[in-house]
Amino acid sequence: MARYFFDTGDSDAVIRDEAGIECDGVEEARREAMEGLIDLAREFLNDFDGQQLFVQVRDEKGNKLAKLSLSLRMQIGTDELTDPRLPA
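The rules behind these values
- Residues numbered from 1 in each chain as written.
- Predicted model: local features only at pLDDT ≥ 70, side-chain atom pairs only at ≥ 80, totals over all residues.
- Heavy atoms only, no water.
- Pairing = 2+ DSSP bridges.
- Helix = DSSP H or I, 4+ residues; strand = E, 2+ residues; numbered from the N terminus.
- Phe/Tyr/Trp six-rings, centres within 6.5 Å; stacked < 30°, edge-to-face > 60°.
- Lys NZ or Arg CZ within 6 Å of the ring centre and 35° of its normal.
- Salt bridge = Lys/Arg side-chain N within 4 Å of Asp/Glu carboxyl O.
- Buried < 20%, exposed > 50% of the residue type's maximum accessible area, 1.4 Å probe, protein only.

Chemist: Can you help me understand the pairing of strand β5 (residues 64-71) in this one?
Modeler: Regular strands place their side chains on alternate faces of the sheet. Sheet topology places strand β4 (residues 52-58) next to β5; seven bridges connect them, and they run antiparallel. Looking at β5, one finds that V55 is bridged to L68. Between β4 and β5, which pair antiparallel one after the other, the connecting turn spans five residues, and G62 there sits at a positive phi close to 90°.

As structure tokens, then:
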């Protein structure tokens, strides 16, 4: 098993993971990153329009393997909301 590091952040700050966790390969590390991003979203995407969150996966050598991101954008009363080409 290898150790992977999961840096997290938003549009204002980055928190570098210094401890990491052991995963059984890159796919497991990506799943862990997705779960981490979901947890961040639950915690931080409450009322912040325009908020952007991310989790970046690094290996033991510091190589960046994946970056997952999520953003929240609220639209009220725009033409996009009534565009017939978009799904209802």
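Chemist: Hey, could you run me through the packing of aromatic side chains in this one?
Modeler: Aromatic ring pairs are reported here in terms of the distance separating the ring centres and the angle at which the planes meet. Under the definition given, this model contains zero aromatic pairs. Between K67 and the ring centre of F54, over which it is positioned, the NZ or CZ distance is 4.5 Å.

Chemist: Mind showing me how you'd approach the pattern of salt bridges here?
Modeler: Oppositely charged side chains are able to pair whenever their charged atoms sit close together. With the rule as written, the count across this model stands at five salt bridges. A salt bridge links R3 to E22; the shortest N-O distance between them is 3.8 Å. Residue R3 is located in strand β1 (residues 2-10), and its partner E22 is located in strand β3 (residues 21-23); the two are separated by 19 residues in the primary sequence. A residue is classified by how much of its surface remains accessible, and R3, at 28% relative accessible area, is partly exposed. As a salt-bridge pair, R30 and E27 come within 2.8 Å of each other at their nearest N and O atoms. Taken together, the residues span about one helical turn, with R30 and E27 both in helix α1 (residues 26-44) at a distance of three residues. Of the residues examined, R30 reaches a relative accessible area of 35% and is grouped as partly exposed.

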